[in-house]
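What the coordinates show
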Amino acid sequence: MKSIVIETPNKLLIDERPLPEPAAGEVRVKIKLAGICGSDSHIYRGHNPFAKYPRVIGHEFFGVIDAVGEGVDAGRLGERVSVDPVISCGHCYPCSVGKPNVCTSLVVLGVHRDGGFSEYAAVPAKNAWPIPDTIPDKQAVMVEPFTIAANVTGQINPGENDIALIYGAGPMGLTTVQALKGVYRVKQVIVTDRIEERLEMAKRSGADLVINNGNASLQDALDAQGIKPTIIIDAACHPSILQEAIGLASPAARIVIMGFSSEPSQIVQQGITGKELSIFSSRLNAHKFPVVIDWISRGLIDPDKLVTHTFDYQQVTDAIEVFEKDQRQCCKVLLTFPR
């Protein structure tokens with residue numbers, strides 16, 4: 001089979017590898033579609049601190065089960081599945097409190113273990129989630145990106161009276177816009193970004209108000225309309241954002257950090273305690289695949305609004321380059337594999 005392998009940072013090849021045989025408790029998935037994420041680019045460029053090389057990247061993928069390992073029901077053969085990349089031990093403290101996404105022995109497909117940028121992948125059977133026939137392939141591959149939004153919103157319990165501010169109109173920000181508006185019916189969702197075309201994408205995903213914070217002060221823009229956000233989500237992931245968010249937030253607001261920067265954030269403690277703010281962080285997803293599959297089935301979100309480019313897997317270097325460089329027109333890039 002053909003697999004997309006990052007041998008070392010900045011060295012990608014399409015390699016011939018043996019067809020994997022599923023171990024006990026595993027299934028083999030014939031991949032049909034896979035999505036490119038920022039973390040794939042970071043592994044390719046050597047900027048992901050968790051990756052080990054060589055690595056078959058890809059943690060957003062969809063396909064059909066074509067083989068099962070010992071202990072797995074043969075009735076699953078032919079099942080259309082979207083694969084949760086989070087593999088956890090199930091018994092450490094984080095797992096015991098419902099946070100397998102930060103398991104002390106965490107393994108992420110495409111990061112710590114070979115992932116889905118391949119014609120076939122062997123994965124734990126419990127991580128292969130059945131997709132209803134009513135959900136088309138192109139939406140099924142988008143389940144994982146929306147689990148990021150499901151994980152964020154599941155922690156902060158949004159309500160119809162909330163006013164949400166999202167920093168960043170990339171895939172993480174846009175999936176969260178759709179969740180807040182389509183699922184939680186939040187009263188007002190505001191998105192700030194420095195790229196006008198990304199702000200237009202935010203509008204298409206349901207944002208009520210967009211602000212270009214490269215052209216004007218975000219503080220001034222919000223003050224002019226008397227807006228005090230009750231939810232602030234940092235999907236732009238810059239260390240300077242947290243202190244600004246603390247200043248912008250309403251008393252009793254919730255702030256969510258999604259970034260992995262190793263640079264320090266300077267914050268004033270008084271701003272947090274004076275408003276009794278709650279600060280959350282969110283990584284990957286904790287059992288959110290069935291949640292998102294349900295959202296799509298009920299028409300509460302529309303993954304098609306995020307997909308802007310599709311490439312054959314053999315054009316992966318071109319696809320990654322578009323993803324990295326065309327921030328004005330590109331949102332979600334999909335790779336197709338032989339049927």
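Attention here is on the structure that accompanies the text. (Residues numbered from 1 in each chain as written. Predicted model: local features only at pLDDT ≥ 70, side-chain atom pairs only at ≥ 80, totals over all residues. Heavy atoms only, no water.)

1. Section: the packing of helix 4 (residues 143–156) against helix 10 (residues 289–297)
Running from N to C, helix 4 and helix 10 cross one another at 105°; their axes reach a closest spacing of 9 Å. Regarding the angle of helix 4 to helix 10, the classification is roughly perpendicular. Between helix 4 and helix 10, the contacting residues are Val143, Glu144, Phe146, Thr147, Ala150 and Thr153 on the first element and Phe289, Val291, Val292, Ile293, Trp295 and Ile296 on the second. (Axes fitted to C-alpha atoms, helices over the stretch in contact; angles between N-to-C directions. Helix = DSSP H or I, 4+ residues; strand = E, 2+ residues; numbered from the N terminus. Parallel < 35°, antiparallel > 145°, perpendicular 65-115°, else oblique. Contact = heavy atoms within 4.5 Å.)

2. A few points about the state of the cysteines
By the definition in use, this model includes 0 disulfides. Counting only cysteine sulfurs, Cys331 is the nearest neighbor of Cys330, a cysteine outside any disulfide, at a range of 7.0 Å. (Disulfide = S-S within 2.5 Å.)

3. As for unusual backbone geometry
In this chain, Tyr53 is followed by Pro54 through a cis amide linkage whose omega measures -5°. Counting through the fold element by element, Pro54 comes out in the loop between helix 1 (38–45) and strand 4 (55–56). Of note in this structure, Asn157 is not a glycine but carries a positive phi near 50°. When you line up the elements, Asn157 lands in the loop between helix 4 and strand 11 (163–167). Taking relative accessible area as the criterion, Asn157 reaches 58% and is therefore assigned exposed. Of note, Leu284 is a non-glycine position whose phi angle comes to about 50°, a positive value. (Buried < 20%, exposed > 50% of the residue type's maximum accessible area, 1.4 Å probe, protein only.)

4. Digging into the packing of helix 4 against helix 5 (residues 171–183)
Where helix 4 contacts helix 5, the axes come no closer than 8 Å and their chain directions differ by 60°. Between helix 4 and helix 5, the interaxial angle falls into the category oblique. When the axes of helix 4 and helix 5 are compared, the crossing they make is right-handed. Touching Pro145, Phe146, Ile148, Ala149 and Thr153 of helix 4 are Met172, Thr175, Thr176, Gln178, Ala179 and Leu180, all from helix 5. Residue composition of the contact of helix 4 with helix 5, grouped by class: 7 nonpolar, 4 polar and no charged. (Left-handed = near helix turned anticlockwise from the far one by under 90°. Nonpolar A, V, L, I, M, F, W, Y, C, P; charged D, E, K, R; others polar.)

5. Let's talk about the environment of Asn212
Tracing the backbone through its elements, the reader meets Asn212 in strand 13 (residues 209–212). With residues up to four places along the chain from it excluded, the contact list for Asn212 reads Asp193, Arg194, Glu196 and Leu199. In terms of polar contacts, Asn212 uses its side chain to reach the side chain of Glu196, at 2.9 Å. (Polar contact = N/O pair within 3.5 Å; in protein donor to acceptor, adjacent residues only side chain to side chain.)

On their own, these measurements won't tell you what the molecule is for.
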